[in-house]
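Structure at a glance
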Amino acid sequence: MLDDAEAMMQAVELAAGVRGTTAPNPWVGCVIESVDGEIFTGATQPPGGMHAEAMALAAAGDRARGGTMWVTLEPCSHHGRTPPCADAALAAGLRRVVVAMEDPDPRVSGAGLDRLRSAGVEVEVGLGADEVGAQLAPYVKHRLTARPWVVLKLAASIDGRTAAPDGSSQWITGGAARADGHRLRAESDAIVVGAGTVRADDPSLTVRHVPGTDPLRVVLGTAAPEARVQPALEFQGEISDLLDQLGERGVIQVLVEGGASVAGQFHRAGLVDQYVVYLAPAIFGGDDARGLMSGPAAPTIADIWRGTFTAITPMGGDLRIDLVTVESDNPRGHPGLGRAAAAADAEPDTGSVPIATVGLTIPEEES
Ligand SMILES: NC(=O)c1ccc[n+]([C@@H]2O[C@H](COP(=O)([O-])OP(=O)(O)OC[C@H]3O[C@@H](n4cnc5c(N)ncnc54)[C@H](OP(=O)(O)O)[C@@H]3O)[C@@H](O)[C@H]2O)c1
């Protein structure tokens, strides 16, 4: 028979496998064990398709009766594009349901658990809550604030420079870091760059070298009709309004890829949830190369932004450094962000992050 923790971690892995394909829905994993010890699994399908629980229940059929379900997020209780999963679990006759996290979506928010409990199903909540809280932090933020989770990605030399005085910046980092950047694109629903980057680099901003679908491409300012980034959404105005609009479109995670002016705007506005900096063992060696951010800096040392490293990962010959804002500076304080900040309190992880990039060959081509 499956151990509870082992089963929940399998569900977490199933959810990770469909990250970036489910928005506006959360990425959820589900494992069912029958009374005979048979295992059935499911993960959220693209919008309009089956939820994780429905997939696992369909695979199990009659064998779900009397069995146990482990699922990363509370089964839904409302009719969306698909029928409620809590009802399907009841109809299947499950005896026990183990849930990592209550769904923050106001249409669910405990109602799915209540439905199961009131029908006599044994319900447990909280196993794997830290892992799932971190995994679903973007979804939690989206449901509670109606804005996407913002990841700011930058690639810099060890002296903190991102482009040479002539504007060239391809490539500061090596193939493994660039492949990882494509993985970040694949798990995001939208990607934002400034018109300056479009003019300098003519990037296509598609997902390559890793499996995944292309995110919605957004240019701050305008892009020429023949630019490789087209078709793109062109936006002019306040970036907080852009986040409202993307949230309304069901974008759960947005990746901001720069350049320095756009990075500075997002940072100074306090709109970044997670910073990902790829650092190369290279030095521009002067102050006329572009920095990570342009615009007015903190006027004095007492005003500088301070974050916490959540992971430092060797990546080919480069480093990937993940940072989040420290919790005391984070006024939003909802559960997903709280967990991200709690993870930040842990010792920095130096080398254990399992990002499988070794051996990947990246041809030198467009960004
Ligand atoms: N190393 C890295 O990680 C990295 C990543 C990306 C880019 N880069 C490099 O960075 C350089 C480009 O950076 P950059 O700072 O010059 O340009 P940028 O940040 O890419 O774009 C700035 C431009 O975007 C437009 N814009 C920004 N915010 C806007 C808003 N809220 N509403 C409307 N338009 C808005 C404006 O365009 P208009 O000027 O048209 O008004 C602005 O001048 C390039 O050399 C590129 O190679 C490096």
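Everything discussed here concerns the structure shown above.
Residues numbered from 1 in each chain as written. Predicted model: local features only at pLDDT ≥ 70, side-chain atom pairs only at ≥ 80, totals over all residues.

1. Quick notes on the environment of Val 272
Here Val 272 lies in the loop between α10 (260-268) and β12 (274-280). Along the backbone, Val 272 and Val 256 are 16 residues apart, and their C-alpha atoms lie at a distance of 9.0 Å. Excluding residues within four positions of it along the chain, Val 272 makes contact with Val 150, Leu 152, Phe 266 and His 267. (Helix = DSSP H or I, 4+ residues; strand = E, 2+ residues; numbered from the N terminus. Contact = placed C-beta atoms within 7 Å.)

2. Quick look at the nonpolar core
One finds Ala 11, Cys 30, Val 71, Ala 89 and Val 256 to be the most contacted residues of the largest nonpolar core, which totals 93 residues. Here this core gets 7 residues from one element, more than from any other, and that element is strand β6 (residues 149-157). When residues of this core are assigned to domains, at least three map to each of domain 1 (4-135) and domain 2 (146-345). If we skip the residues at most four places from it in the chain, Ala 11 touches Gly 29, Cys 30, Val 31, Trp 70, Val 71 and Thr 72. (Core = buried A, V, L, I, M, F, W, Y, C linked by C-beta atoms within 7 Å. Buried ≥ 20, exposed ≤ 12 C-beta atoms within 10 Å, placed from the backbone. Domains from an automatic or database assignment.)

3. Some words on the sheet that holds β6
Pairing within the open sheet is mixed, and its 8 strands lie in the order β10-β9-β8-β11-β6-β12-β15-β14. Edge positions in the sheet fall to β10 (233-235) and β14 (307-315), since each of these pairs with one other strand and no more. Strand-to-strand twist across the sheet, computed as the mean angle between neighbouring axes with direction ignored, equals 20 degrees. Against the sheet, helix α7 (residues 175-186) touches β6, β8 (190-194), β11 (253-256), β12, β14 and β15 (318-325), its axis set at about 165 degrees to β6. (Pairing = 2+ DSSP bridges. Axes fitted to C-alpha atoms, helices over the stretch in contact; angles between N-to-C directions.)

4. A closer look at unusual backbone geometry
Residues Gln 170 and Trp 171 are joined by a peptide bond in cis, for which omega reads -5 degrees. The residue Trp 171 is located in the loop between β7 (161-163) and α7 in this model. With omega at 0 degrees, the peptide bond leading from Gln 230 into Pro 231 counts as cis. Tracing the backbone shows Pro 231 in the loop between β9 (216-220) and β10. Here Ala 146, not a glycine, exhibits a phi torsion of approximately 65 degrees, which is positive. Relative to the elements of secondary structure, Ala 146 occurs in the loop between α6 (137-145) and β6.

5. Observations regarding the site of the ligand
In the vicinity of the ligand there are 28 residues, among which Gly 194, Gly 196, Gly 258, Gly 259 and Ser 261 approach most closely. Ranked by residue count, the leading element in the shell around the ligand is helix α8 (residues 195-201), at 5 residues. Partitioned by chemical class, the residues of the shell around the ligand number 11 nonpolar, 14 polar and 3 charged. (Near = placed C-beta within 6 Å. Nonpolar A, V, L, I, M, F, W, Y, C, P; charged D, E, K, R; others polar.)

6. Here we look at the pairing of strand β4 (residues 96-101)
Within β4, 5 of the 6 residues are buried, which leaves the element mostly enclosed by the surrounding structure. Examined bridge by bridge, strand β3 (residues 68-73) and β4 share 5 bridges and lie parallel to one another. In the sheet register, Trp 70 faces β4, and the bridge partner there is Val 98. Considered for its hand, the β-α-β crossover made up of β3, helix α3 (residues 85-92) and β4 is right-handed. Relative to strand β5 (residues 122-125), β4 is paired through 4 bridges, and the arrangement is parallel. Considered in β5, the bridge of Val 97 is made with Val 123. (Right-handed = clockwise from strand over helix to strand, strands pointing away.)

This is a description of form; function is not addressed.
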